[in-house]
Every structure is written in C-alpha cells, then in structure tokens.
Amino acid sequence: MALALDAAAQDLLFREARTANTFTDEPVTDEQIQDIYDLVKYGPTSMNVTPLRVVLVRTPEARERLVGHLGDGNKAKTAAAPLTAILAIDTEFHEHLPTLFPHFPAARDMWAPEDFRIPHGTFNAALQVGYFIIGIRAAGLAAGPMTGYDADAINKEFFGDGKHRVLAVVNIGKPGADAWFPRSPRLAYEQVVTTV
Ligand SMILES: Cc1cc2nc3c(=O)[nH]c(=O)nc-3n(C[C@H](O)[C@H](O)[C@H](O)COP(=O)(O)O)c2cc1C
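As the structure is a computational prediction, the values presented were derived from the model and not from experiment.

**Q** What am I meant to see in the pairing of strand E2 (residues 83-90) here?
**A** A regular strand places its side chains on the two faces of the sheet in alternate fashion. Counting buried positions along E2 yields 8 of 8 residues, so the element is predominantly enclosed. Here E2 shows two buried faces, one formed by Leu83, Ala85, Leu87 and Ile89 and the other by Thr84, Ile86, Ala88 and Asp90. One ladder, built from 6 bridges, connects strand E1 (residues 52-57) with E2; its direction is antiparallel. Its bridge partner being in E2, Val57 is matched across the sheet by Thr84. Direction of pairing for E2 relative to strand E4 (residues 164-173): antiparallel, over a ladder of 8 bridges. The residue of E4 that forms the bridge with Asp90 is His164.

**Q** How should the layout of surface pockets be read in this particular structure?
**A** Empty space left among the atoms is revealed by rolling a probe the size of a water molecule over them. Roughly 230 Å³ of internal volume is contained in the largest pocket. The wall of the largest pocket is formed by Phe14, Ala17, Arg18, Thr19, Asn21, Arg137, Trp180, Phe181, Pro182, Arg183, Ser184 and Arg186. Per-class residue counts for the lining of the largest pocket are 5 nonpolar, 3 polar and 4 charged. The volume enclosed by the second largest pocket comes to roughly 180 Å³. Contributing to the lining of the second largest pocket are Tyr37, Lys41, Tyr42, Thr50, Leu52, Arg53, Val54, Leu100 and Gln128. Here the lining of the second largest pocket takes 3 residues from E1, the largest share from any one element.

**Q** Can you help me understand the site of the ligand in this one?
**A** Around the ligand, the surrounding shell consists of Arg18, Thr19, Asn74, Lys77, Arg137, Pro145, Met146, Thr147, Gly148, Arg183 and Arg186. A distance of 2.8 Å is found between an oxygen atom of the ligand and a side-chain nitrogen or oxygen belonging to Arg18. The contact in question runs from an oxygen atom of the ligand to an N or O atom on the side chain of Thr19, over 2.6 Å. Every element with two or more residues in the shell around the ligand is listed here: helix H4 (72-80) and strand E3 (142-146). Within the shell around the ligand, the residues separate by chemical class into 2 nonpolar, 4 polar and 5 charged.

**Q** What is the right way to look at the pattern of salt bridges in this model?
**A** Once their charged atoms are close, side chains differing in charge can pair, the charge on each being opposite to the other. Across all of its chains, the model carries 10 salt bridges by this definition. The partner of Asp11 in a salt bridge is Arg15, with the nearest N and O atoms 2.8 Å apart. Linking Asp11 with Arg15, this pair stays in helix H1 (residues 7-15), spanning 4 residues, or about one helical turn. Residue classification places Arg15 among the partly exposed residues on the basis of a relative accessible area of 44%. We note a salt bridge from Arg65 to Glu157, for which the minimum N-O separation is 3.1 Å. Placement of the pair is Arg65 in helix H3 (residues 60-67) and Glu157 in helix H8 (residues 151-158), with a sequence separation of 92 residues. We classify Glu157 as partly exposed; its relative accessible area is 30%. Taken together, the salt bridges that share partners define one network made up of Glu61, Arg65 and Glu157.

**Q** Even after reading the chapter, I still don't get the sheet that holds E3, so can you show me in this structure?
**A** Working definition: the strands of a sheet are paired by backbone hydrogen bonds and lie parallel or antiparallel to each other. Strand order in this open sheet of 4 strands is E1-E2-E4-E3, and the pairing throughout is antiparallel. Two strands close off the open sheet at either side, each with one partner strand: E1 and E3. Pairwise comparison of adjacent strand axes, ignoring direction, gives a mean angle of 30° for this sheet. In this fold H3 packs onto E1, E2 and E4, with an angle of close to 60° to the strand it touches most, E2.

About the thresholds
Residues numbered from 1 in each chain as written. Predicted model: local features only at pLDDT ≥ 70, side-chain atom pairs only at ≥ 80, totals over all residues. Heavy atoms only, no water. Buried < 20%, exposed > 50% of the residue type's maximum accessible area, 1.4 Å probe, protein only. Helix = DSSP H or I, 4+ residues; strand = E, 2+ residues; numbered from the N terminus. Pairing = 2+ DSSP bridges. 1 Å grid on protein atoms, 1.4 Å probe; cavity = no way out; pocket = protein on both sides within 12 Å on 5 of 7 lines; lining within 4 Å. Points joined across faces, edges and corners; volume = space filled by probe spheres on them. Nonpolar A, V, L, I, M, F, W, Y, C, P; charged D, E, K, R; others polar. Near = heavy atom within 4 Å. Polar contact = N/O pair within 3.5 Å; in protein donor to acceptor, adjacent residues only side chain to side chain. Salt bridge = Lys/Arg side-chain N within 4 Å of Asp/Glu carboxyl O. Axes fitted to C-alpha atoms, helices over the stretch in contact; angles between N-to-C directions. Contact = heavy atoms within 4.5 Å.

Limitation: the analysis is restricted to geometry and does not speak to function.
Listed below in structure tokens is the structure:
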C-alpha cells in the first residue's frame, strides 16, 4: 500500500466512513466543531480565498426554521440530528484577501468582478465543504450532507444580508440505528484515471 496514512485513519476517513441518516442523542459540542475547523481550515483554496462560512443550527426554534425549507426526505433526520450545520459561501470573501494573501496586494481587486468571483468562489467554497465533511469524520463523527432544499428560502431565512448562499446542509453526530443505506458501488480506477 502506497499511502502514508495508517490503515485505521484510512478507514475512519474513507473506507468505513458512511453518510449517516440517523444519529444517537450524544451531543456534538462547539469544542468539537472548533477542532474540526482548526484542522480543515488548512485545506487549500485558490489564492487562499477560503470563502466558506458555517452556521451551526442548534436551537429547536432555528432547527424548525431550517427543516421547513428541506426536501421531504431530509426533514425528519435533520429535526432529530444532534447538530446541523449550514455551509455557505460568503460572496464578499475577497474583502479578506489583504489578510489572507498579503504578499499579493492586487488580490482583492482581482477577485472583485462578480462574473469571476462568484463561480470561482463557489468552486473553492465547495472544496471546503468536502474538507469539512472529512474533518467531521476525523473527529470520530458521521456527516449527513444534503443539497435537497429550497436554497433561496434558506438564504432568506438565515442570511438576511443577501451576501451568503447556502452550498450544503450537513447533519453531524454519532451514527444511530440503521444509519445508512447499503454502500453503493464506486467507479473503478480505470474508469476514472487516464494517463497521457
Ligand atoms: C453534496 C451532497 C449532497 C447530498 N444531498 C443529499 C440529500 O439531499 N439527501 C440525502 O438523503 N442524501 C444526500 N447526500 C448523500 C449521498 O447520497 C451519499 O453521501 C452518497 O450516496 C455516499 O454514501 P456513503 O457515504 O454511505 O457511501 C448528499 C451527499 C453530498 C456529498
């Protein structure tokens, strides 16, 4: 095996990790999320733009507001999860570039035009969604990512400033009873990788 990561960590992050649809009642603490963030913040983005923002939906009242905008199949599991995170892009992320990319003072202005900033920023925030999911697994927790929702309604409900756009909603916790569907097949190496 060519991987540097030990086999137990490989299992934790990928082979044994599954998308959970049910969770135990065990709480997920702010400290756990802080540790996850402090790990995954190092995942790379273009010019270090790091446009992802996270809203932790903790209170029953806030959870109810979120559940109302989810697709029917996502409602019950989200209502019951110990913690749910809204992962969104801050579309004004370029304002942080003087801090985040200080050795290139022109970075902020380079990202200012919306027709460049929004698609490329969304791509980079989506990369960070992936890092966040793997970080949840690194904490010994399971993630249940979802994009089955009314995005405009979530944006209005949780981001009144009009400057954030939801990219995914993720349930977080320890997997509960019958937590997952059967593992679906993955494409074979030969179907995915070519060498030129
Ligand atoms: C971006 C994204 C969006 C998803 N949206 C939904 C969803 O809306 N509802 C749902 O039940 N599962 C959703 N899933 C779960 C996927 O179907 C699941 O992660 C995939 O089939 C792999 O399952 P496994 O981790 O158990 O192998 C989503 C997953 C991702 C990564």
